[in-house]
Structure formats: C-alpha cells, structure tokens
Amino acid sequence: MNLRELVSALNDFASPSLAESWDNVGLLVEPSPPHTVNTLFLTNDLTEEVMEEAVQKKADLVLSYHPPIFAPLKRVTWKTWKERLVVRALENRIGIYSPHTAYDAIPHGVNNWLTKGLGACTSVPLHPSTAPSSPAEDTHRVAFCADAEHLDAMLSKIKDIPEISCLTTLPVRVEGEEQTRVSLNCSQKALLEVVALLSQNSLLYHKTEILLLQKPPLPYTGMGRLCTLSEPVSLSDIIERIKAHLRLPHVRVAVGAGRTLESPVKKAALCAGSGSSVLKGTEADLYLTGEMSHHDVLDAVANGISVILCEHSNTERGFLSELRDALAIHLQNKINIVVSEKDRDPLQVA
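Basis of the calculations
Residues numbered from 1 in each chain as written. Predicted model: local features only at pLDDT ≥ 70, side-chain atom pairs only at ≥ 80, totals over all residues. Heavy atoms only, no water. UniProt positions renumbered as here; feature names shortened; annotations may be inferred. Helix = DSSP H or I, 4+ residues; strand = E, 2+ residues; numbered from the N terminus. Buried < 20%, exposed > 50% of the residue type's maximum accessible area, 1.4 Å probe, protein only. Contact = heavy atoms within 4.5 Å. Polar contact = N/O pair within 3.5 Å; in protein donor to acceptor, adjacent residues only side chain to side chain. Domains from an automatic or database assignment. Disulfide = S-S within 2.5 Å. Salt bridge = Lys/Arg side-chain N within 4 Å of Asp/Glu carboxyl O. Pairing = 2+ DSSP bridges. Axes fitted to C-alpha atoms, helices over the stretch in contact; angles between N-to-C directions. Parallel < 35°, antiparallel > 145°, perpendicular 65-115°, else oblique. Nonpolar A, V, L, I, M, F, W, Y, C, P; charged D, E, K, R; others polar.

## Overview of the UniProt feature "binding site: a divalent metal cation" (unreviewed entry) in the chain
And then number 1: Using the residue numbers shown here, the UniProt feature "binding site: a divalent metal cation" (unreviewed entry) corresponds to His66, Asp104, His312 and Glu316. For the residues just named, distributed over 251 residues, the greatest C-alpha separation is only 13.4 Å, placing them together at one site.
And then number 2: Examined against the element boundaries, His66 turns out to sit in the loop between β3 (61-64) and α3 (81-91).
And then number 3: His66 gets classed as buried once you look at its relative accessible area, which sits at 13%.
And then number 4: Ignoring anything within four residues of it in the chain, the contact list for His66 reads Asn44, Asp45, Ser98, His100, His312 and Glu316.
And then number 5: In this structure, His312 sits in the loop between β14 (306-309) and α12 (319-330).
And then number 6: Residue His312 is classed as partly exposed on the basis of its relative accessible area of 24%.
And then number 7: If near-sequence neighbours (up to four positions away) are discounted, His312 is found in contact with His66, Gly273, Ser274, Gly290, Glu291 and Asp345.
And then number 8: Only 2.6 Å separates the side chain of His312 from the side chain of Glu291, close enough to count as a polar contact.

Below is the structure:
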C-alpha cells in the first residue's frame, strides 16, 4: 500500500483535526517517495528498543500512539535518543505516524476501550469535540439594516476588513421604509473592526444583531468519559476489574473522604494517560486515569471522590490489540499489522 494512501486511510479512521491543539499528530517522518508499506508496526511509545524491533520485523511504517517528536528538533544527529530515532527511521526507510489525542477523542478509541474495564456501563465524553470545519474559522454573525444613502459606503469599508465571509444583502421593509439587510460571518478579530465601523453611525449600530456561531458537537466524540454503571459496584470490585482489564498486578488507590473500599461506585470519570486537566471538577464517585498530580489527588479525595492510578501508558497500551483488529478491517487486510512486543511502561513496582 502506498504510504500516502495509507496515511489518508489512517486520517479517515481518526481525523487529526480531533487532536488537541497542543498535540503533534499525523505523519512525522516520511521516507523519500514512492514508499510502499507492507508492514504497519504498532506501539504505544517509540523507544530505541522498540525501533530496533521495528527494524528487525521489517516495518515500513511505525504507528506510535505517543508522538516521538513533540518539541521541535533543531538538528538530527546521533547525540540524543529522539534524534537517533529519526536517523534510524530514515536509514531503514521507515515512516513514523502518530495519532495520540485523536485516538483519545474518537468513539472507537482509547478511552472507549478503557471504559470496558468498568463493566457494563453507558458513557459520554467529558469534553465533547465539535465539528472541525463547521463553520470554518468564523466565530460570529453580524446583521444590520442600512438605507441606500449609507449602504454602498458601508459595504465598501466592510469588504476591506480581512477574515469576513458569507457577506449577503437582502431588500427589507423597516418601519415602512425600503432598506437593505446586510449579513456577514467573521472571526473574533474581524468582529472588533466591524463593530467599530458600525459604531461610527448610531442609526446602523442600534439596528445591529451579533450572534455567536457555535460548531455542532460530534456524537460520542471528545476527551475523557463519564461512565454510569448499569449496577453500583463496590470500589474493591472495580479495582479488581481494572487490574484484570489492564493485566496489572497492582494499581494505586486513594479512597475518597467518607468512603471505604466497600462504598458503591455508580459514576466513574476516566481519561487515559494523564487525566488531571480533563477530570478536574467532574462530579463522580471515582476518577480513573494513568497519573495525576499529588495535589489533584488530594482535591479529589477531599471531595469524596476515590482515585485509581495505573501509570500513564498502562491505561493506553492494551488498546493496541483492539486497534490492530480494527485497522485490519478498515484497511481491508491489504497490509500486515504487527503489535510491538518490546513496548512497555517505563515504571514498575520493585
């Protein structure tokens, strides 16, 4: 499968536009074209050990959930391990693609997989995603009425303002007078200029309407999940379910104030990876994530919310097997898909 065709298919599986604005997703390393992909190699973290495994298994493209290139590289030498990853990838004609938070947001992604550890439940995103291209970059709609005396001059000045779209005019009758209804969409920056322009004419300004344009939410898509269990389950039972789902011998637990291990859990908020910012302020019986800061754990406990921490990548890595099967169907079994055997969380209990 041609690399560019494969990247297009991966972007269709989970649009990079769903990723958080701070993230670095998509194709990060591209061998010189044309580049054919026969083997797609899946990993949660692309370490040097995992890269060597990818080379040995003759991978043509590594899909690394976490982007191995995050901070900009000023040079590509043999000095640092991340630079060496790029060198090794290019020397062996291996591309690198990262979906990261795009996979967190999609309905069939990492957070959805994590909810399965709770047992039977329904879930909704904690922070719903919105349609990325509707309505483009416009944030506001402005409408006002003008008579023939002011119309042409006003339209001429408005057309000189950048970041304005969908400018329309419509004849209307206002208080028995023939006027023109002007409507336009604009960015936040352009709105300030439009309002300043209209405020120079009090008659136009008093007839102005400003509407906030909101992008429609995407069903079941977004960051984190708020899960409602079909039946309340004790915290101790939830702990055992999570350990079994993640195949972990141990997890870290903080019991909420006024709660015990036998207290029932009906609502659980979860976020794969580092979930403090996503979970903060959510009303629930339990927070489930990979890692949280000490003070965020204290805040949750003080509010009667128990916390289960599993280490960052342990809440993500198990999704790779499910991803392999989903991508095999999505890609119509056109390529070989392999899951890394060397990928593992850097932390362990000693």
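## Notes on the domain arrangement of the chain
And then number 1: Considered domain by domain, the chain is made up of domain 1 (3-99), domain 2 (106-129 + 220-313) and domain 3 (140-212).
And then number 2: Between domain 2 and domain 3, the C-alpha centre-to-centre distance is 49 Å.

## Observations regarding unusual backbone geometry
And then number 1: Residue Pro34 follows Pro33 across a cis peptide bond; omega there is 0°.
And then number 2: Note that Pro34 resides in the loop between β1 (26-29) and β2 (39-43).
And then number 3: Unlike most non-glycine residues, Lys58 shows phi in positive territory, near 55°.
And then number 4: Judged by relative accessible area, which is 65%, Lys58 ranks as exposed.
And then number 5: A positive phi angle, near 65°, is found at Glu163, a position not held by glycine.
And then number 6: Of note, Glu163 is situated in the loop between α6 (148-159) and β7 (164-174).
And then number 7: With relative accessibility at 44%, the residue Glu163 sits in the partly exposed group.

## What about the state of the cysteines?
And then number 1: For the structure on display, the rule yields 0 disulfides.
And then number 2: Here Cys186 stays unpaired: no disulfide links it, and the sulfur of Cys166, its closest cysteine neighbor, is 11 Å away.
And then number 3: Its relative accessible area of 0% is what places Cys186 among the buried residues.
And then number 4: Looking at the unpaired Cys310, the closest cysteine sulfur is the one in Cys271, lying at 12 Å.

## Quick word on the pattern of salt bridges
And then number 1: All told, the structure shown has 17 salt bridges when counted by the stated rule.
And then number 2: Among the salt bridges present, the one from Lys57 reaches Glu53, with a minimum N-O distance of 3.0 Å.
And then number 3: Residue class for Lys57 comes out partly exposed when judged on its relative accessible area of 30%.
And then number 4: Its salt-bridge partner being Asp325, residue Arg324 comes within 3.4 Å of it at the nearest N-O pair.

## With respect to helix α2 (residues 48-56)
And then number 1: Turning to α2, its buried residues are Val50, Met51, Glu53, Ala54 and Val55.
And then number 2: For α2, the elements touching its buried residues are β2, β3, α3 and β4 (95-98).
And then number 3: Residue Lys58 follows α2 closely and has a positive phi angle near 55°.

## Focus on the sheet that holds strand β15 (residues 336-339)
Strands belonging to one sheet form pairs held by backbone hydrogen bonds; the direction of such a pair is parallel or antiparallel.
And then number 1: One open sheet holds the 5 strands; their spatial order is β1-β4-β3-β2-β15, and the pairing between them is mixed. Here the strands that pair on one side only, and so sit at the sheet edges, are β1 and β15. The average undirected angle you get between the axes of adjacent strands in this sheet is 25°.
And then number 2: Here 3 bridges tie β3 to β4, and the two strands are oriented parallel to one another. Directly across from Leu61, in β4, lies its bridge partner Gly95.

## Side note on the environment of Phe70
And then number 1: Note on placement: Phe70 falls in the loop between β3 and α3.
And then number 2: Separated by 47 residues in the primary sequence, Phe70 and Asp23 place their C-alpha atoms 7.7 Å from one another.
And then number 3: The contact partners of Phe70, leaving out residues within four places of it in the chain, are Trp22, Asp23 and Asn24.

## Description of the packing of α2 against α3
And then number 1: The interhelical angle for the contact between α2 and α3, taken along N-to-C directions, is 5°, at an axis separation of 10 Å. Compared by their axis directions, α2 and α3 come out roughly parallel. For the pair α2 and α3, the contacting residues are Glu48, Met51, Glu52 and Val55 in the first and Trp81, Arg84, Leu85, Arg88 and Ala89 in the second.
And then number 2: Partitioned by chemical class, the residues of the contact of α2 with α3 number 5 nonpolar, no polar and 4 charged.

## Structural notes on the pairing of β2
In the case of a regular strand, side chains alternate between the two sheet surfaces.
And then number 1: With 5 of 5 residues buried, β2 is to be regarded as a mostly interior element.
And then number 2: Because side chains alternate across β2, one face comprises the buried residues Thr39, Phe41 and Thr43, and the other comprises Leu40 and Leu42, equally buried.
And then number 3: Note that β2 and β15 share 4 bridges and pair parallel. Among the inter-strand pairings, Leu42 is bridged to a residue of β15, identified as Val339.
And then number 4: Note: β2 against β3, 4 bridges, orientation parallel. Directly across from Phe41, in β3, lies its bridge partner Val62.

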